[in-house]
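These are the residues of each chain, in order.
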Amino acid sequence: MTKMAWRPLPHLPQIERRGVLSGGASLATAVATGVVQPHDAFAADETYGSTPAVSEGRKALRSVSSVDSHPVIPVWPSWAGGRVVPVSLGSAFEEPYLLLAHHKHWFDPRDPLRGPFKEVGKALGLPYVDVEGFSMHPHRGFDVLTYVLDGSDGFRHRDSLGGSRTYRGGAAQWMRTGSGVVHEEFWETRQDRRTDVELFQIWINLPASMKFDKPVVNYVGIGTDNPWLEGGGDSGDLQLDQAQPAGSFSVRDVGSTLNLAAKQAGAGVRPPVEILHARIGPGGKWKIKSPQKHSALLYVREGVASIQSELQQPSTVRALQTATFAPDGDSIVVCNSQNGGGANTLDVLLLMAEPLCEPVALGGPIVMNTEAELNDAYQQLRDGSFLDRDYAIRQQAKTSRRYSSKNAY
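Residues numbered from 1 in each chain as written. Predicted model: local features only at pLDDT ≥ 70, side-chain atom pairs only at ≥ 80, totals over all residues. Heavy atoms only, no water.

A. Representation of helix α2 (residues 254-264) in the model. Every buried residue of α2 is listed here: V254, G255, T257, L258, A261 and A262. End-on, the buried residues of α2 take up no more than an arc of 160 degrees, which puts them together on one face. Opposite the packed face of α2, turned more than 90 degrees from it, sit the exposed residues K263 and Q264. Two residues or fewer after α2 comes G266, characterised by a positive phi angle close to 75 degrees. (Buried < 20%, exposed > 50% of the residue type's maximum accessible area, 1.4 Å probe, protein only. Helix = DSSP H or I, 4+ residues; strand = E, 2+ residues; numbered from the N terminus. Arc of directions from axis to C-beta.)

Structure representation (structure tokens):
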């Protein structure tokens, strides 16, 4: 079994497509497709080696299979620290997560370089630079979580479902792209003051049975009808080291909040995901259950994390790095070994889920199971039928019948 292979789609000049940023890509849109055949997500892997078994009844800490650094792409404003960190996912130990993008930008009306930067971007044909955001683009086949961090200014959204909203710090948008949606997103800017925006955007694959669900958009968190579940909700899986000072630990259960919001919106219930945003004070420790058969990935937003394990020395994960966990235990322990005050707080995002174990065909903003389905989607974009859900479902039935049983999943 190998990690996802990438190869380019045929050029479609009449369609602007938002691609997945990966491997030090430039600001230009990178549109790629890869096909991952069905697999046992946690079998022995040539990349990570064989998986140690956990004996019956034994509780083990999961070890780290890899610690990875990611490209830091300067933008908005590139000369003053604005950047996006695109984390391309999709390996057996990471699915159904496809992409984690960490954005941090600011926009100042007094910035003398802001106007020229936009003009250069426009002249060079760099997507999204001149408009300070993301112009209308399509999606199909997965869920998108856009989580604006507390204290941030907003993200302005408009979509083909008729929705339009600016959501700000402490709020998130959950979008079931399903059979197809077109939307635009722009950073909040103002003429009277500087705006600062920091957010995570996460792409989460849908199973084949849900890829043509009706598109839905809903909002969770501060200022919405779906307040955050803090402290892990009712799972009872979070444990706090008794030696940790009071008030130095917080966790926001993003995944459980999303699951409740999806039900409220009348959307189909997807295989559940666990997304936890935790802040751990100096000297603190966080222990959480993590089923052996679930994928698990930790991203460090700020600070330095020490991952404990019984099978290896502690792994150090620094800011803007990820740790991917091997399926060799049933819990994860994350420590903040830094000393001092609040400036040394560890801020992490933990993603866990049960892998779908289905083929993945990824073509920029479209995520399907086969290349034939990708071709259908782009043909529908060309002929204007992309948002016709009934037509897309009929076409999918034809494509499924054509798809060889040799490659069926």
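B. Examining the nonpolar core more closely. Ranked by internal contacts, the top residues of the largest apolar core, which has 29 residues, are Y97, I202 and I275. Of the residues forming this core, the biggest block, four residues, is contributed by α2. Discounting residues that sit within four places of it in the chain, Y97 has contacts with L89, G90, I202, W203, I204, V273, E274, I275, S295, L351, M352 and A353. Judged by nonpolar contacts, the second largest core, of 21 residues, contains A278, A305, F325 and V334. (Core = buried A, V, L, I, M, F, W, Y, C linked by side-chain atoms within 4.5 Å. Contact = heavy atoms within 4.5 Å.)

C. The arrangement of the sheet that holds strand β11 (residues 164-167) in detail. With antiparallel pairing, four strands are arranged side by side in an open sheet as β8-β13-β10-β11. Since the sheet does not close on itself, it has two edges, and those belong to β8 (133-139) and β11, each with one partner. Sheet twist, expressed as the mean angle between neighbouring strand axes with direction ignored, is 20 degrees. Of the pairings in the sheet, the one linking strand β10 (residues 155-159) to strand β13 (residues 181-187) comprises five bridges and is antiparallel in character. (Pairing = 2+ DSSP bridges. Axes fitted to C-alpha atoms, helices over the stretch in contact; angles between N-to-C directions.)

D. Quick look at the sheet that holds strand β21 (residues 295-302). If you trace the seven strands from one edge of the open sheet to the other, you get β4-β24-β21-β26-β19-β18-β16, paired in antiparallel fashion. Of all strands in the sheet, those bounded by a partner on one side alone are β4 (64-68) and β16 (229-230). Looking at chain direction, β21 and strand β26 (residues 346-353) are connected through seven bridges and run antiparallel. Bridging across to β26, L298 finds its partner in L350. Along the sheet, α2 makes contact with β16, β18 (249-253) and β19 (273-280), crossing β19 at roughly 140 degrees.

E. Structural context of the pattern of salt bridges. Taken as a whole and judged by the stated rule, the model has 16 salt bridges. A salt bridge links R168 to E188, with the shortest nitrogen-to-oxygen separation between them at 2.8 Å. Highlighted residues: R168 in the loop between β11 and β12 (171-176) and E188 in the loop between β13 and β14 (195-205), separated in sequence by 20 residues. The exposure class assigned to R168 is partly exposed, which follows from its relative accessible area of 41%. Given the relative accessible area of 8%, E188 is considered buried. For R301, the salt bridge goes to D347, with nearest N and O atoms at 2.7 Å. Here the residue R301 occupies a position in strand β21, and D347 occupies one in strand β26, the gap between them amounting to 46 residues. The burial state of R301 is the same as that of D347; both residues are buried. (Salt bridge = Lys/Arg side-chain N within 4 Å of Asp/Glu carboxyl O.)

F. Representation of the packing of aromatic side chains. Scanning the entire structure with this criterion turns up 12 aromatic pairs. One aromatic cluster is present, built from ring pairs that chain together W76, Y128, F134, F155, Y167, W187 and Y219. Directly above the ring of W106 sits R194, whose terminal nitrogen or CZ lies 4.2 Å from the centroid. (Phe/Tyr/Trp six-rings, centres within 6.5 Å; stacked < 30°, edge-to-face > 60°. Lys NZ or Arg CZ within 6 Å of the ring centre and 35° of its normal.)

G. Spotlight on unusual backbone geometry. Of the consecutive residues W76 and P77, the connecting peptide bond is found in the cis state with omega at -20 degrees. Secondary-structure assignment places P77 in the loop between β5 (73-74) and β6 (83-88). Across the junction of E95 and P96, the peptide omega takes the value 15 degrees, indicating a cis bond. Structurally, the position occupied by P96 is in the loop between β6 and β7 (97-107). The phi dihedral of W76 is positive, around 55 degrees, even though this residue is not glycine. The backbone phi angle of E132 is positive, close to 55 degrees, even though this residue is not glycine. Among the structural elements, E132 can be located in the loop between α1 (114-124) and β8.

H. Layout of the environment of S400. The residue S400 is located in helix α4 (residues 389-402) in this model. Among the residues examined, S400 registers a relative accessible area of 40% and is labelled partly exposed. On a C-alpha basis, the gap between S400 and T370 in space is 9.4 Å, while along the polypeptide they are 30 residues apart.

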